[in-house]
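# Results of the structural survey
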Amino acid sequence: MNLVTDQGCNALIKAVSINTFIIYINIFSNAIKKKQEAKLISALGRNEAAALARLEREKTAYVDVFQNRLKGSWKRSKLMIVGQGKSGKTSTVRSLLGKQFEPDWLSTLGAEITQTRVQNQTFAPDTTRVWNEVENDTSLNMASELAIGIALSKLEENKEDTTQKYKSNKEYPGWFGPLSRKLMKSLKMSRNSIFAQASEITEEANVAEAEEENLEDEEQMKTEFDSSNPEDMVNIPMRNDDKIKAFGYKQHLFSRRNVENVQSSFVSFSIWDYGGQTVFYSLHHLFLTKFGVYLLVFSSKELLQFIHLSPKERAFIEKTQWNDTPEEYIKFWLNSCDMHAPGAPIVIVGTFSDEVDSQTDLEKLNKTIEKLVEGRFSQIVSNRDLLFFPIDNRSQNGINDLRMIIDSAAAAQDYVNYQVSIWWMKCLDETYEYAKGQSWIKLKYVIEIAERNYITNAAEIGEMLSLFNELGTIVYLNNTEALRDVITLNAQWLLTCLGKLVHDAKIHALDSSEIKKTGLEQDVSMAYERGLVSRDLLEYLWRDKQEHVDFLLDLMKHTILLSEWKAKMDSPDLVKDKLYLIPSLLQEGQTPEKVVGFMCMFDFSERYLPIGIFERLVCLLVSLVGQEHKKKVGVENKGGVLYKNWCKVYLHSLDTSVFLEKKRDYLLMAVDRAKTCPTIFQMLSSMLKRINEEVMGSGLKWKVCFEDVWGASKMLDYEDAKKCKLKPWFLTFNEKAQAQKNKGQEQMLDSFLDTF
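Residues numbered from 1 in each chain as written. Predicted model: local features only at pLDDT ≥ 70, side-chain atom pairs only at ≥ 80, totals over all residues. Heavy atoms only, no water.

### What to know about the overall build of the chain
- A count of helical and extended segments in the chain gives 26 helices and 21 strands.
- A total accessible area of about 36,900 Å² is found for the chain, and carbon and sulfur atoms account for 49% of it. (Helix = DSSP H or I, 4+ residues; strand = E, 2+ residues; numbered from the N terminus. Areas by Shrake-Rupley, 256 points an atom, 1.4 Å probe, with all protein chains shown as cover.)

### Looking at helix α20 (residues 521–530)
- Listed in full, the buried residues belonging to α20 are Asp523, Val524, Met526, Ala527 and Tyr528.
- The inward-facing, buried residues of α20 abut α18 (491–501), α19 (512–518), β12 (532–534), α21 (535–541) and β14 (579–581).
- Phi turns positive, to about 75°, at Gly531, one or two residues after α20. (Buried < 20%, exposed > 50% of the residue type's maximum accessible area, 1.4 Å probe, protein only. Contact = heavy atoms within 4.5 Å.)

### Points about the pairing of strand β2 (residues 76–83)
- For β2, the tally of buried residues reaches 8 of 8 residues, placing the bulk of the element in the interior.
- What you see with β2 is no split at all: Arg76, Lys78, Met80 and Val82 on one side and Ser77, Leu79, Ile81 and Gly83 on the other are buried throughout.

### Details of the pattern of salt bridges
- Within this structure, the stated rule accounts for 15 salt bridges.
- Of the charged contacts in the structure, one is a salt bridge between Lys662 and Glu615, with a shortest N-O distance of 3.3 Å. You can see Lys662 sitting in strand β18 (residues 656–662) and its partner Glu615 sitting in helix α23 (residues 613–631), a full 47 residues away along the chain.
- Arg690 serves as the salt-bridge partner of Glu694, at 4.0 Å between the closest nitrogen and oxygen. A residue pair is termed a helical-turn pair when its members lie 3 or 4 positions apart in one helix, as Glu694 and Arg690 do in helix α24 (residues 677–694) at 4 residues.
- Linked by salt bridges that have partners in common, Lys426, Glu430 and Arg452 make up one network. (Salt bridge = Lys/Arg side-chain N within 4 Å of Asp/Glu carboxyl O.)

### A few points about the packing of helix α9 (residues 300–307) against helix α12 (residues 359–373)
- Close contact between α9 and α12 brings their axes to 10 Å; oriented N to C, the two are set at 85°. Overall, the two elements α9 and α12 adopt an arrangement that is roughly perpendicular. In contact with Ser300, Leu303, Leu304 and Ile307 of α9, α12 contributes Asp361, Lys364, Leu365 and Thr368. (Axes fitted to C-alpha atoms, helices over the stretch in contact; angles between N-to-C directions. Parallel < 35°, antiparallel > 145°, perpendicular 65-115°, else oblique.)

### Details of the nonpolar core
- Core analysis: the biggest nonpolar cluster contains 128 residues, and Trp542, Phe602, Met669 and Trp729 have the highest contact counts within it.
- Here this core takes 10 residues from α23, the largest share from any one element.
- Not counting residues up to four positions away in its chain, the partners in contact with Trp542 are Cys497, Leu498, Leu501, Val549, Leu552, Leu553 and Met556.
- The next biggest cluster of nonpolar side chains, apart from the first, holds 65 residues, and it includes Leu96, Leu146, Val349 and Ile406. (Core = buried A, V, L, I, M, F, W, Y, C linked by side-chain atoms within 4.5 Å.)

### Notes on the sheet that holds strand β16 (residues 641–642)
- Taken together, the 7 strands give an open sheet; going across it, the order is β16-β17-β18-β19-β15-β20-β21, and neighbouring strands pair in antiparallel fashion. The open sheet is flanked by β16 and β21 (715–717), the only strands paired with a single partner.
- One ladder, built from 4 bridges, connects strand β15 (residues 598–603) with strand β20 (residues 703–707); its direction is antiparallel. By the bridge assignment for β20, Asp603 is matched with Lys703.
- Along the sheet, α24 makes contact with β15, β17 (646–651), β18, β19 (666–671) and β20, crossing β15 at roughly 20°. (Pairing = 2+ DSSP bridges.)

### As for unusual backbone geometry
- In the segment running from Lys727 into Pro728, the intervening peptide bond is cis, with an omega of 0°.
- Along the chain, Pro728 falls in the loop between α25 (718–723) and α26 (736–755).
- The backbone of Phe352 shows a phi angle near 60°, a positive value even though the residue is not glycine.
- Positionally, Phe352 belongs in the loop between β7 (346–351) and α12.
- With a relative accessible area of 25%, Phe352 lands in the partly exposed category.
- Of note, Ile560 is a non-glycine position whose phi angle comes to about 60°, a positive value.
- Its relative accessible area of 5% is what places Ile560 among the buried residues.

Okay, structure coming up:
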């Protein structure tokens, strides 16, 4: 019982008149006079009429989106969190999502993906943002989401206040109040008729299945309206909004969009939190895309400690661990972001800001970053006088400002306002539905779905899939024909599978007791000590259907993350049916004191040498050696000497050894036989070009230098060496026969690379 009097009813009437979305009220056993009752019913009736008119306009606008193949802004972006391991990247993501700080959170394995929806916080100033996590983005009807956004935009353009029609003093009966059973029955029938007509319209438009509302039967209404309440009491039943499903589409989405007041500048994010351990970096190159905002996270605490080292301590670390310092990680990721997404906003974030004791320390941090930037990277988002944003995930200091900065940076990007066809979104929805929970799907099935949705042009299908990949909705690697044949719908599944195999065993160790039960101890040891993985171990780590194992193997092969191992093993116990080399798992090795051979250097210092280039060259060299031994029966393949930082392989077809070493910003190659130098140089150059085109987005830059063993100069650049026909790298007129032979070997290499 609610003790509402005439005075309370007047307040209700005023509220209903102001908030035209109120159309249902349940008041019982209250002493409200009939005059007041009539006014309340009239006010609700006006709102109800306005609601019906609004629903009709929304229905028409919604169906029109599909019938006329309209386009709209999806307002979506990818947010990529990168940086050194244990710098607080995952904690920063949790803070952005409004989650509690967890001091013992485990290091990220591979990458974690989170979908968000951004909105203003209810009853808060416009400067407060809330990022709501969406548990399962694929469960959303994305076509409906976009169609509703387009429809609301169109309605806003042609806004018409239909409630003006009902502003006379004449009472409007509405559907509520003490009405007769006969009238209620007729109203029930007429409303069912409305729903039936709407269903026909939407079914014809192939939009969605009609969802009719379950109204109470006549007996229930009789009980409700023939109650024994006193004559001067009012019974106005309220219907549950959750049950309102009108016009064959998800009407609650319209309501949510209206209630949340989702502004056009707000962007929903697909957040990719990349693991910070260097072993993952070879994988990350596949998933860094152009359409997105990059959040480069570093630990203010750790960088300050490095800054405060004595010159002697600093020099020692830079000499022995140059690639494992806070400065190098920041520099590496600045270069990576710039190479994969030139022009994409980079927001640099310094965590543990509460441990920065003074303004002086803050200035030291900023000065260090300025030195690393060196006037480049104009896409960095500045923070007034600073190049970074200090935050603290424990106290939440700076988090809301960071949300605002990310929102603004994303909203300013052109791709956020790209006009996306509603049929593209419908194709995406139907692809997820067709896959029925499968993590990947063949391209031919997506083409069939696209054609059913009036997308018949191959170029448009490719453009559609590339956009979805750029925005982090799917993974579509289209650099090679083999990769183009498969679309990964569940990116998190793919990243988790790869991370189970390619990871730092010291940080993400496998369950030793479980490994012992399966009898795979030796397989695990071989994988994380020698980089050789057995098929048995892969099937254990990827405990899915057999086709998933084959799919993942093909993916890693075509992205040059692994190669089949054909070499002879040095112990009978290590002989397996199938072995694969994964160079990212190799251990560091002591470089030989003396390297014998003719030297050539691939210099990447103009930009940088990404982690993963050397590893992919090792993959290609090992595969080339393996292919040779398929053709030469009886020739022993020992596989060469392989480490994370250098390798030496023997090519039987050329009867020569190739030494390759990874330095800070260059690759050093040595060839032991003079007459094979031109061929080996062309071979490595071709391999680098393929890796650059098919993995690195053509972002690598390098120059070549040769050792001048006969001249005064130590190294000559390519043009000078070519001009003076530096031997043994450039052939003379008398060596045409050798040139022809080398040309044939180059053609063989091109054929091998195409096959690989």
